[in-house]
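Structure assessment
The primary structure of each chain is shown beneath.
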Amino acid sequence: VGHCHPDIVKAAHEQNQLLNTNSRYLHDNLVDYAERLSKTLPEKLCIFYFLNSGSEANDLALRLARQYTKHEDVIVLDHAYHGHLTSLIDISPYKFRNLEGQKEWVHVAPVPDTYRGLYREDHEDPVTAYADEVKNIIEHAQKRGRKIAAFFVESLPSVGGQIIPPAGYFQKVAEHVHKAGGVFIADEIQVGFGRVGKHFWAFQLQGEDFIPDIVTMGKPIGNGHPLACVATTKEIAEAFAATGVEYFNTFGGNPVSCAIGLAVLDVIEKEHLQAHATEVGNFLMKTLKEQQIKHPIIGDVRGCGLFIGVDLIK
């Protein structure tokens with residue numbers, strides 16, 4: 001919503017002058033904010049945990065998945081990056097390949113990239129082919145006595161090269177993962193909050209029939225203020241609460257953060273920022289495609305809204 005947006009600065013300033021406590025002290029802002037966020041998501045994603053960063057959100061998503069499924073293993077996409085905590089470096093091939101390497105509970109699936117990937121635009125059914133790669137990983141893991149807790153994926157892989165997975169891929173993958181007793185986690189930390197233009201969440205590009213089990217949010221959620229969120233289902237939240245080890249986060253969901261979160265949603269709505277992302281994104285894509293015709297070094301131009309990749313080749 002722009003650096004130092006006056007509405008965001010005002011919301012932070014006003015709430016700062018009133019009260020900022022940890023979330024053990026009840027405050028309307030937290031409930032109001034959760035309600036507002038829930039209106040942007042499918043109905044079954046109705047439980048919210050507030051935190052301070054995307055890394056915290058992804059770490060909690062991992063804990064939720066493991067507690068709910070009672071399994072340990074995680075499938076991620078190649079080149080993925082999910083955060084800077086130890087637990088997330090472990091599921092980020094982009095990082096762990098330069099550090100201690102791949103843990104035995106981590107399985108890496110090929111990126112569903114139809115430009116550079118295993119199955120390209122000329123393949124008769126890249127969606128099924130890429131989803132079958134995940135199915136094979138699950139079967140291979142099960143033969144070794146491993147059990148899948150989650151498929152953990154950015155709705156649009158960003159560090160992996162601004163990839164737009166073909167529509168229907170998530171549905172097919174979710175089918176294989178659910179069958180194995182796992183859950184589907186959509187990381188919207190870079191791509192959520194209207195950035196893709198036509199939808200509020202990037203996972204919605206896959207189609208209305210697709211709903212993840214857990215969604216994580218960060219970055220744009222607070223316009224630079226440390227704020228993050230995990231949204232999940234009642235069933236998963238109840239399994240997590242059943243341990244008796246309550247989830248507590250000192251600053252997650254404090255009144256100032258929630259006031260800022262509400263102000264961000266107001267600005268996105270009031271200034272029609274989704275329409276803006278669509279319009280500017282379309283203009284940028286059109287102009288880049290014109291350059292692509294002129295310059296052989298531009299191999300591919302892909303994107304949606306203000307999430308755009310230009311692939312340069314030799």
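Going by what an unreviewed UniProt entry lists, the protein chain is known as AT2L2 lyase and is assigned to Quiscalus mexicanus. In UniProt, the protein chain has this text filed under Cofactor (unreviewed entry): "pyridoxal 5'-phosphate".

Each helix and strand counted, the protein chain has 10 helices and 9 strands in total. Taken over the C-alpha trace, the protein chain has a radius of gyration of 20 Å; the compact-globule value for 314 residues is 20 Å, and the two agree within 12%. In terms of its C-alpha atoms, the protein chain occupies a principal-axis envelope of roughly 60 × 55 × 40 Å. By the burial criterion, 52% of the 314 residues in the protein chain qualify as buried. Residue pairs in contact within the protein chain that sit at least 24 positions apart in sequence constitute 72% of those at least 6 positions apart. Taking the average place of the 30 positive charges on the side chains of the protein chain and the average place of its 39 negative ones, the gap between the two points comes to 4 Å.

Okay, the sheet that holds strand 1 (residues 47-51) next. Spatial ordering of the open sheet is given by 1-7-6-5-4-2-3, a layout of 7 strands whose pairing is mixed. For this open sheet the edge positions go to strand 1 and strand 3 (106-109), each flanked by a neighbour on one side alone. Here the average twist between neighbouring strands, direction ignored, is 20°. Against the sheet, helix 6 (residues 126-143) contacts strand 2 (73-77), strand 3 and strand 4 (148-154), and its axis sits at roughly 155° relative to strand 3.

Our focus in this paragraph is the layout of surface pockets. Reported here for the largest pocket is a volume of approximately 360 Å³. Around the largest pocket sit 16 residues that line it, and Ser23, Leu30, Tyr247, Phe248 and Gly252 are the ones nearest its centre. Mapped by element, the contributors of at least two residues to the lining of the largest pocket are helix 2 (28-38) and strand 1. Sorting elements by how many residues they give to the lining of the largest pocket places strand 1 first, with 3 residues. A per-class count over the lining of the largest pocket returns 9 nonpolar, 5 polar and 2 charged. If you add up the space inside the second largest pocket, you get close to 290 Å³. As for the second largest pocket, its lining consists of 16 residues, of which Val1, Phe193, Arg195, Pro220 and Leu273 are closest to the centre. Sorting the residues of the lining of the second largest pocket by element identifies helix 9 (255-270) and helix 10 (273-294) as the ones contributing at least two each. Looking at the lining of the second largest pocket, the element that brings in the most residues is helix 10, giving 4 residues. In terms of residue class, the lining of the second largest pocket is built from 8 nonpolar, 7 polar and 1 charged. Here the lining of the second largest pocket gathers at least three residues from each of two domains, domain 1 (7-271) and domain 2 (272-313).

For the pair helix 1 (residues 6-18) and helix 9, the least separation of the axes is 8 Å and the interaxial angle reads 155°. Of the possible angle classes, the one that applies to helix 1 and helix 9 is roughly antiparallel. Note on packing geometry: the crossing formed by helix 1 with helix 9 is right-handed. Of the residues in helix 9, those touching helix 1 at Asp7, Ile8, Ala11, Ala12, Gln15 and Asn16 are Pro255, Val256, Ala259, Ile260, Ala263, Val264, Val267 and Lys270.

As a further point, take helix 3 (residues 54-69). The terminal C-alpha atoms of helix 3 lie 22 Å apart, and with 16 residues this matches the ideal 22 Å at 1.5 Å per residue to within 8%. Downstream of helix 3 by a residue or two, Lys70 has a phi angle that is positive, lying close to 65°.

This next bit is on the packing of helix 2 against helix 9. It is at 9 Å that the axes of helix 2 and helix 9 come closest, and there the two elements cross at 30°. Along this stretch, helix 2 crosses helix 9, giving a crossing that reads as left-handed. On the side of helix 2, the interface is formed by Asn29, Leu30, Asp32, Tyr33, Arg36 and Leu37, while helix 9 contributes Pro255, Cys258, Ala259, Gly261, Leu262, Leu265, Asp266 and Glu269. Residues that form the contact of helix 2 with helix 9 fall into these classes: 8 nonpolar, 2 polar and 4 charged.

This part is about the pairing of strand 8 (residues 298-304). In terms of residue burial, strand 8 counts as a mostly covered element, since 6 of its 7 residues are buried. The sheet contact formed by strand 8 and strand 9 (residues 307-312) spans 6 bridges and is antiparallel. When the bridges of strand 9 are listed, Cys304 appears paired with Phe307.

Tallied over the full model, the rule gives 1 cavity of 30 Å³ or more. In this model, the largest cavity occupies a volume close to 70 Å³. Tallied by class, the residues present in the lining of the largest cavity amount to 6 nonpolar, 4 polar and 2 charged.

Before going further, it helps to examine the packing of aromatic side chains. Taken as a whole, this structure holds 15 aromatic pairs when the rule is applied. Ring centres of Phe48 and Phe50 lie 6.5 Å apart, and the angle between their planes is 10°; this geometry places the pair in the stacked category. Residue classification places Phe50 among the buried positions, given a relative accessible area of 6%. When the centroid spacing of 5.4 Å and the interplanar angle of 55° are considered together, the rings of Phe170 and Phe210 count as tilted. Of the two residues, Phe170 sits in helix 7 (residues 169-179) while Phe210 sits in the loop between strand 5 (183-187) and strand 6 (214-217), which places them 40 residues apart along the sequence. For Phe170, a relative accessible area of 0% translates into the label buried.

Cut-offs used in this document
Residues numbered from 1 in each chain as written. Predicted model: local features only at pLDDT ≥ 70, side-chain atom pairs only at ≥ 80, totals over all residues. Heavy atoms only, no water. UniProt positions renumbered as here; feature names shortened; annotations may be inferred. Helix = DSSP H or I, 4+ residues; strand = E, 2+ residues; numbered from the N terminus. Rg over C-alpha atoms; globule rule 2.2 N^0.38 Å. Buried < 20%, exposed > 50% of the residue type's maximum accessible area, 1.4 Å probe, protein only. Contact = heavy atoms within 4.5 Å. Lys, Arg positive; Asp, Glu negative; His and termini not counted. Charge placed at Lys NZ, Arg CZ, Asp CG, Glu CD. Pairing = 2+ DSSP bridges. Axes fitted to C-alpha atoms, helices over the stretch in contact; angles between N-to-C directions. 1 Å grid on protein atoms, 1.4 Å probe; cavity = no way out; pocket = protein on both sides within 12 Å on 5 of 7 lines; lining within 4 Å. Points joined across faces, edges and corners; volume = space filled by probe spheres on them. Nonpolar A, V, L, I, M, F, W, Y, C, P; charged D, E, K, R; others polar. Domains from an automatic or database assignment. Parallel < 35°, antiparallel > 145°, perpendicular 65-115°, else oblique. Left-handed = near helix turned anticlockwise from the far one by under 90°. Expected span 1.5 Å × (residues − 1). Phe/Tyr/Trp six-rings, centres within 6.5 Å; stacked < 30°, edge-to-face > 60°.

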